[in-house]
Each structure stands twice: as structure tokens, then as C-alpha cells.
Amino acid sequence: MAEQTTFPESTGTPGAFPTGPPGGPGPAAEERPDKPDAAVVRDALGVGVAVGLSGFAFGVTSAGSGLSLLQTCVLSLFVFTGASQFALVGALAAGGNPYTAAAGAFFLGIRNAFYGLRLSQLLDLPRAVRPFAAHWVIDESTAVTLPQPTRRAARIGFTVTGLTLYVLWNLTTLVGALGAEALGDTDAWGLDAASPAVFLALLAPMLTSTVERVTAALAVVLALTLLPVLPAGVPVLLSALAAPVVLFLMGRAKGPSAGAGGDQGRGDSGGHGNRESHGADEDRGNREDYGTDEDRGNVAERKKRGERSV
């Protein structure tokens, strides 16, 4: 990156960096970060090379779908999000409407905008660099960047992953498109499943909660169920309905339990009030009884004084 800045040490929370007052003191420049730069580069290269080579599958699939060499290369250069590219050419190859295919690719790619909201805070890049960095905000660069313990490590991971993946993806796209004729029937090779398989391999470890797993499973069921009856590209769009459905069901499940808890709380409050009322009545009764006894004692005392005076 263009600038080098020293940042505070990590607190150990992935994707979160401690902040202090602007211009405040920081650690010494020679202090080692929590994760060595070499380790970050190694991880980033591993992801970049593994996923970048699957651009060959896209080049073959795109050429087999009827797109020209120029169209295939332009997609990788300017779209550069594998899931959206595969969705587009897959829908076109299946005879889907071009507008539906483009809509499916668009909605798959729009997730990168949400990645960017998070990465912009972590990376804090100069304004002049941000438009170029935004083109590298994809699943893989996000997956490498977020777990880094420091901002320096996050920047290194993002840059190495994005650069490696961009270069390899476009080179292998070109090779795949040129070699599509030599492979013959591209459907027989099953190369169109390579990029989705890599994407699922990266996504699966991120599904850590039951809600996330249920949402992902429901999305798969929706997509597979609607695939035979709807045009290509539409099932992918409708599978996104899994998220609001799961959230709605969670809200319904929590509603009765919350109501029961509220009623129980009110019952406890009522019992507490009854006990307080009972205690107050008992106190009043004790005071009244005490007062009556005291009055009777006073009357008896006055009678005794009267008899003695007579």
C-alpha cells in the first residue's frame, strides 16, 4: 500500500482494532506485530493461487456457452466475481433470458458492497486508493482480511490476495477460453462446478451458529426445489428468501416464551404485592391490638387511683 502506519496491538478479536485519540502515542516502530508478515503473505497466496486457477473453468464454461473470447475476458477483467460470472454464463447456456441472467449475477455480486462497508473500516485506505481497492472486494479477499489481528496484517492480506487472484483469474480465463475447443464437450468435464465448490469450501467454516447453518440449508433446498420449474437464474434469486423466513420463524418462536416470561414476572410481582399487603394488614392489626391493650391498661390504672383517693 502507499502508506505505512503503526497501529496498536491487537486485542485478539478478529477484524477489530483498538482505537485511541488521534495523534496519541503508539508502540515502537520496531515492535513485532501479533502475526508475522510472512505468515499473512503465505495464507493470502494460498487462497489466491487456489481460487485463481479456477478461472480456467470459467473460461472453458463461458466459451462453451457461446460467448466470444473478448466477451469472456471482459467479464473477468471488469466483473471479477466468480459466482456472478458463473451464474451469468450458466443462465445463458441454459437458454435463460439475458435480463434474468444479468439480474441473478447482479444480486449475487451486490454482497460485495456489504463486504466493503466492513473492510473500509478495517483497512482505512487513502481516498485515492479506494476506487481501485473496491474492485478486489470479493469473498476470498474478505475471508483473508477479516481474521487478521492488526491493520497492517489486514492490508497485507487484502493486497496479496486481491492482486494474486486478479492476475491468475484473468490469465487462466484467457487460457480456458482459448483451450475450450481442444477439450471438446465442456459439460462432460464438470468444470462449471469448480468455482462454486471452492466458494462453498471457504463459506462452510464461517457458518458457526445454528441460525446460519439453518439459513444456508434452507437456501440450498429452495434453489434445488425451484431449479426444475423456473428459468435459469431465478432460483438463485429466490433462495435469498431463506434469510427473512428463518428470522421470522425465530421471532415467532421467541414471542411465546417472552410472553410467558412476562406473565410469570407479573405474577411474581402480584405475589410480592399480596405479601406486602398482607404484611401491612398484619402490622396494622398488631398496632390496633397493642393500642387496645394499652387502653384497657390505662382504664384499670385510673380505677385503682380513684379507689385509693377515696
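Rules behind the numbers
Within every chain, residues take consecutive numbers counted from 1 along the sequence as written. This being a predicted model, a pLDDT of at least 70 is required before a residue's local features are given, and a value of 80 or more before pairs of side-chain atoms are given or counted; all residues contribute to the totals for chains, interfaces and linings. Note that the side-chain values use all heavy atoms of the structure and ignore hydrogens as well as water. Only DSSP runs of H or I with at least four residues qualify as helices, and only runs of E with at least two residues qualify as strands; both kinds are numbered from the N terminus onward. Residue exposure (1.4 Å probe, protein chains only): buried if accessible area is under 20% of the type maximum, exposed if over 50%, otherwise partly exposed. Residue contacts are defined here by distance: any two heavy atoms, one from each residue, within 4.5 Å place the two residues in contact. Using the Shrake-Rupley algorithm and a 1.4 Å probe, accessible areas are obtained, with residue cover drawn only from the displayed protein chains. Ring pairs shown here join Phe, Tyr and Trp side chains whose ring centres sit within 6.5 Å, with only the six-membered ring taken for Trp; geometry is labelled stacked below 30 degrees between planes, edge-to-face above 60, and tilted in between. The criterion is simple. A nonpolar core is a set of buried Ala, Val, Leu, Ile, Met, Phe, Trp, Tyr and Cys residues joined through side-chain atoms within 4.5 Å. Polar contacts, as counted here, are pairs of nitrogen or oxygen atoms within 3.5 Å of one another; within protein the pair requires one atom able to donate a hydrogen and one able to accept it, and residues that are adjacent in sequence qualify only if both atoms are side-chain atoms.

In terms of regular secondary structure, the chain is built from 15 helices and 0 strands. Of all 310 residues assigned to the chain, the portion counted as buried reaches 29%. Within the chain, contacts between residues at least 6 apart in sequence are counted, and of these 74% link residues at least 24 apart. Of the roughly 18,600 Å² of accessible surface on the chain, a fraction of 65% belongs to carbon and sulfur atoms.

Turning to the packing of aromatic side chains, a few remarks are in order. Scanning the entire structure with this criterion turns up 5 aromatic pairs. A centroid spacing of 5.6 Å and a plane angle of 80 degrees characterise the contact between Phe-58 and Phe-86, whose relative ring orientation is edge-to-face. Remark: Phe-86 occurs in helix H4 (residues 82-93) and Phe-58 occurs in helix H2 (residues 55-64); sequence separation between them is 28 residues. Summarising the aromatic geometry, the rings of Phe-58 and Trp-169 are spaced 6.2 Å apart at their centres and angled 20 degrees between planes, so their arrangement reads as stacked.

Burial of nonpolar side chains together is a common tendency in soluble globular proteins. In this structure, Phe-58, Leu-75, Phe-80, Leu-119, Leu-123 and Phe-158 are the most contacted members of the largest nonpolar core, which totals 31 residues. A per-element tally of this core places helix H9 (residues 151-178) first, with 7 residues.

Moving on, we come to the side chain of Ser-65. Mapped onto the secondary structure, Ser-65 falls in the loop between H2 and helix H3 (69-78). Polar side-chain contacts of Ser-65 include one of 2.7 Å to the backbone oxygen of Thr-61. Those residues in contact with Ser-65 that lie beyond four places of it in its chain are Val-89 and Ala-93.

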